[in-house]
Amino acid sequence: MKNRDTQIRHTGSHFCRVRLFIAVLIAAALSLLGCTSKQTAVECGIADQELYIANQTEPQDLDPHIVTGVPEFHILEALFEGLVISEPKSLQPVPGVAKSWDTADGGLTWTFHLRSDALWSNGDRVTAGDFHFSFQRILSPGLGSEYAYMLYCLKGAEAYHKRTTDDFSSVGAGVADDTTLVLTLGRPTPFFLSLLAHHSWFPVHRATILKFGKIDSRGTAWTRPEHFVGNGSFTLASWEINRIVSVVKSEKYWDRNKVRLNRINFYPIDNLQTEERSFRTGEVHMTTNLAPARIEWYRTNNPEALRIDPYLGTYFYVVNVQRPPMDNPLIRRAMALSIDRKAIVEHILKGGQLPATCFTPPATGGYTADSALRFDTTEARKLLAEAGYGPGGKAFPPVEVLYNTSETHHTVAQAIQQMWKRYLGIEVTLVNQEWKVYLASKQQGGFSIARMGWIGDYNDPMTFLDMWVTGGGNNNTGWSDRRYDSLISVAAVASGRETRFGAFRSAEALLLEEMPVLPIYFYTNVYLLHPAVKGWYPNLLNIHNYKYVWLEK
């Protein structure tokens with residue numbers, strides 16, 4: 001799905017100011033709702049169907065065609081709806097804006113029949129033309145969307161995005177009438193319906209986009225509350241930078257009678273201690289994370305609030321292979337082999353995470369890689385010497401590890417820093433940046449090694465492995481290998497499971513040989529949830545459609 005783990009670390013007096021500010025903000029909101037001073041935000045929220053969520057950090061944007069992070073998706077899930085949505089337990093695609101669909105030509109042609117009562121929050125009808133415009137927008141090269149490749153399964157989409165043609169009519173997106181959208185695929189895509197639930201396929205309101213810029217303009221005022229038009233079960237009420245994003249139930253949503261929540265407040269609480277204390281003192285109904293040091297306390301003292309759910313994701317370091325000395329695959333492999341992943345998950349994280357011995361989490365859509373990384377310091381030192389550095393990493397040039405600061409990222413980075421010093425004799429410097437700055441640095445290649453987390457967008461190995469093709473929107477490594485590209489292409493068009501998985505295994509073996517990424521661990525989703533929150537089911541992708549969620553005393 002997305003870049004994962006965006007919380008930012010604060011200490012000392014700033015920590016106190018952050019907590020005080022959040023408390024004051026919530027208290028002010030409660031006074032407006034008429035809650036008594038003896039009631040907590042959680043108690044008032046239960047009575048008023050108002051959900052309070054600690055949502056890690058300030059969102060990068062609320063534009064579904066621009067963002068890549070988990071905190072942003074948490075908000076977008078309330079504000080927009082695609083052709084399909086995910087069933088809350090199984091994540092199977094079920095009707096969204098499209099009430100039904102037909103398929104023909106061996107699964108290459110899909111006809112979607114849109115609801116006549118699907119409306120934008122300003123009362124306009126949601127039409128097939130809105131989806132057509134939105135697909136053209138995200139594929140427009142000038143927009144620079146990192147997720148444009150999610151639409152490459154459409155016939156001609158990749159060619160349009162890569163400027164091979166400027167004729168969007170060559171792309172497999174057609175409008176038969178206002179309620180009929182015809183999508184033509186260029187290749188078999190067994191997970192196509194699941195793709196449509198992703199925010200890269202969400203529609204945007206054409207008139208609003210063009211009122212504040214061109215089709216490919218980024219960062220315009222259309223996402224401000226006073227201008228915002230969405231088609232989700234909630235609409236944007238307020239967005240105070242670094243304070244709160246608040247959404248309210250949309251009276252225009254086609255399925256509004258099923259929506260029980262009246263409001264959701266997303267707080268960018270970017271400190272793990274503040275986040276946990278806000279939960280413990282009744283200021284939020286749920287957190288996004290929980291510091292490893294607090295897991296055992298909750299296991300013992302408040303086990304009903306502790307959630308450790310399966311999570312289809314990988315925590316890893318991405319390497320800029322264009323920067324010496326990281327341009328040498330021997331060095332990258334040496335560094336990968338000298339990371340004690342078992343020690344990290346058992347002694348630092350303590351939340352059921354697994355050591356990542358490959359890149360794709362095991363059993364993703366039934367697929368497991370054959371290749372496996374091991375902890376082998378002898379081989380690592382041998383590779384480093386072969387690269388010309390040794391013994392003891394002699395003459396190894398300075399290297400920095402970039403991360404968006406959090407207690408967990410910092411602790412993991414320190415552990416790996418010490419491992420590389422102990423086992424290879426090389427020194428690395430740790431550099432932290434605020435979330436938005438970090439994203440820009442990574443996108444622009446301003447790093448040697450950078451922390452990254454990736455959550456699957458759908459339950460198939462393609463969501464992990466197509467990231468690393470040449471020129472991929474999320475491939476910030478500078479790595480390119482025609483053999484790898486070819487194997488992913490084979491997997492993309494293969495109809496048989498054995499052929500697909502065989503191509504994936506060969507591609508992943510090549511990835512682990514070249515090491516443009518250093519896998520560290522496979523995620524679990526560790527967070528706190530108040531028992532009053534109902535309809536919040538554990539699932540691999542941590543997708544929760546808020547129209548199925550409610551609060552119960």
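Residues numbered from 1 in each chain as written. Predicted model: local features only at pLDDT ≥ 70, side-chain atom pairs only at ≥ 80, totals over all residues. Heavy atoms only, no water.

Comments concerning the pattern of salt bridges
Per the counting criterion, the structure on display carries 16 salt bridges. Linking Asp-63 and Arg-137 is a salt bridge whose minimum nitrogen-to-oxygen distance equals 2.7 Å. One end of the pair, Asp-63, is in the loop between β1 (50–54) and α3 (70–79); the other, Arg-137, is in helix α4 (residues 128–139), with 74 residues separating them in the sequence. By relative accessible area, which is 0% here, Arg-137 ends up buried. (Salt bridge = Lys/Arg side-chain N within 4 Å of Asp/Glu carboxyl O. Helix = DSSP H or I, 4+ residues; strand = E, 2+ residues; numbered from the N terminus. Buried < 20%, exposed > 50% of the residue type's maximum accessible area, 1.4 Å probe, protein only.)

As for the sheet that holds strand β4 (residues 98–104)
The 4 strands are arranged β4-β5-β7-β6 in an open sheet whose pairing can be described as antiparallel. Sheet topology places β4 and β6 (173–177) at the edges, where each strand pairs with a single neighbour. The sheet shows a mean angle of 20 degrees between the axes of neighbouring strands, taken without regard to direction. The pairing of strand β5 (residues 109–114) with strand β7 (residues 180–184) spans 5 bridges and is classified as antiparallel. Note on β7: the bridge partner recorded for His-113 is Thr-180. (Pairing = 2+ DSSP bridges. Axes fitted to C-alpha atoms, helices over the stretch in contact; angles between N-to-C directions.)

Section: the packing of aromatic side chains
For the structure shown, the criterion picks out 35 aromatic pairs. The interplanar angle of 15 degrees and the centroid separation of 4.4 Å between the aromatic rings of Phe-191 and Tyr-458 together place this pair among those described as stacked. Taken together, the positions of Phe-191 in the loop between β7 and α6 (192–195) and Tyr-458 in the loop between β15 (449–455) and α15 (462–465) put the pair 267 residues apart, joining distant regions of the chain. For the pair Phe-191 and Tyr-458, a shared accessibility class is recorded, and that class is buried. Here the aromatic rings of Trp-297 and Tyr-298 are separated by 4.8 Å at their centres, their planes lie at 75 degrees, and the arrangement is edge-to-face. Classification of Trp-297 by relative accessible area gives partly exposed; the value is 34%. Cluster of aromatic residues (ring-pair linked, three or more members): Trp-101, Trp-110, Phe-112, Phe-131, Phe-135, Phe-192 and Trp-201. Positioned above the aromatic ring of Trp-550 is the side chain of Arg-260, whose terminal nitrogen or guanidinium carbon lies 3.9 Å from the ring centre. Over the face of the ring belonging to Trp-297 we find Arg-294, whose NZ or CZ atom lies 4.7 Å from the ring centre. (Phe/Tyr/Trp six-rings, centres within 6.5 Å; stacked < 30°, edge-to-face > 60°. Lys NZ or Arg CZ within 6 Å of the ring centre and 35° of its normal.)

Topic: the side chain of Arg-500
With respect to the secondary-structure elements, Arg-500 resides in helix α17 (residues 497–514). Of the residues examined, Arg-500 reaches a relative accessible area of 7% and is grouped as buried. At 3.0 Å, the side chain of Arg-500 and the side chain of Asp-460 are in polar contact. A distance of 3.3 Å separates a polar atom in the side chain of Arg-500 from the backbone oxygen of Ala-491. Those residues in contact with Arg-500 that sit more than four places away from it in its chain are Pro-190, Phe-191, Asp-460, Met-462, Ala-491 and Ala-494. (Polar contact = N/O pair within 3.5 Å; in protein donor to acceptor, adjacent residues only side chain to side chain. Contact = heavy atoms within 4.5 Å.)

Observations regarding helix α8 (residues 272–280)
Turning to α8, its buried residues are Leu-272, Thr-274, Glu-275, Glu-276, Ser-278 and Phe-279. Put simply, Asn-271 is the residue that caps the front of α8, since its side-chain oxygen is 2.8 Å from the backbone nitrogen of Gln-273. Positive phi shows up at Gly-282, right after α8, with a value of about 80 degrees.

Points about the sheet that holds β15
Taken together, 6 strands build an open sheet; the order of strands is β12-β16-β11-β15-β13-β14 and the sheet is mixed. Every other strand in the sheet has two partners, leaving β12 (354–355) and β14 (428–433) as the edge strands with one partner each. Relative to β14, strand β13 (residues 399–404) is paired through 6 bridges, and the arrangement is parallel. If you follow Tyr-403 over to β14, its bridge partner there is Asn-432.

Section: the pairing of β7
Pairing of β6 with β7, which is carried by 4 bridges, proceeds in the antiparallel orientation. Counterpart to Asp-177 in the pairing with β7 is Thr-180. Connecting the antiparallel pair β6 and β7 is a turn made up of 2 residues.

Observations regarding the nonpolar core
Among the nonpolar cores identified, the biggest contains 124 residues, and Phe-112, Trp-201, Tyr-317 and Trp-420 are the most heavily contacted of them. Here this core gets 8 residues from one element, more than from any other, and that element is helix α13 (residues 407–424). Sequence-distant contacts of Phe-112, that is, excluding residues within four places in its chain, are made with Leu-83, Ala-98, Ser-100, Trp-101, Thr-179, Thr-180, Leu-181, Leu-183, Phe-192, Leu-193 and Leu-196. Counting residues in each nonpolar core, the second largest holds 35 residues, with Ile-75, Phe-228, Trp-536 and Leu-551 among its members. (Core = buried A, V, L, I, M, F, W, Y, C linked by side-chain atoms within 4.5 Å.)

Some words on α13
The terminal C-alpha atoms of α13, which comprises 18 residues, lie 25 Å apart, in line with the 26 Å expected from a rise of 1.5 Å per residue. Within α13 the residues assigned to the buried category are Glu-407, Thr-408, His-409, His-410, Val-412, Ala-413, Ala-415, Ile-416, Met-419, Trp-420, Tyr-423 and Leu-424. Gly-425 occupies a position one or two residues after α13 and carries a positive phi of about 75 degrees. (Expected span 1.5 Å × (residues − 1).)

Concerning the environment of Pro-190
Within the fold, Pro-190 resides in the loop between β7 and α6. For Pro-190, a relative accessible area of 61% corresponds to the exposed category. The spatial distance from the C-alpha of Pro-190 to the C-alpha of Val-399 is 42 Å, given a sequence separation of 209 residues.

A few points about unusual backbone geometry
A cis geometry characterises the amide bond from Pro-324 onward to Pro-325, with omega recorded as 0 degrees. Examined against the element boundaries, Pro-325 turns out to sit in the loop between β11 (306–319) and α10 (329–337). Backbone geometry places Ala-363, a non-glycine residue, at a positive phi of 65 degrees. Note that Ala-363 resides in the loop between β12 and α12 (377–386). Given a relative accessible area of 52%, Ala-363 falls into the exposed group.

A short note on the packing of helix α11 (residues 341–349) against α13
Interhelical geometry of α11 versus α13 gives an angle of 140 degrees and a closest axis separation of 11 Å. Regarding the angle of α11 to α13, the classification is oblique. Of the two elements, α11 crosses α13, and the hand of that crossing is right-handed. Contacts from Ile-344, Ile-348 and Leu-349 in α11 reach Thr-408, Thr-411, Val-412, Ala-415, Ile-416 and Met-419 in α13. Residue composition of the contact of α11 with α13, grouped by class: 7 nonpolar, 2 polar and no charged. (Parallel < 35°, antiparallel > 145°, perpendicular 65-115°, else oblique. Left-handed = near helix turned anticlockwise from the far one by under 90°. Nonpolar A, V, L, I, M, F, W, Y, C, P; charged D, E, K, R; others polar.)

Considerations on the confidence of the model for the protein chain
Mean pLDDT over the protein chain stands at 93; residues scoring 70 or higher make up 93%. Predicted confidence for residues 6–20 stays below pLDDT 50, and this span has 36 contacts to residues more than four positions away or in other chains. (pLDDT = per-residue confidence, 0-100.)

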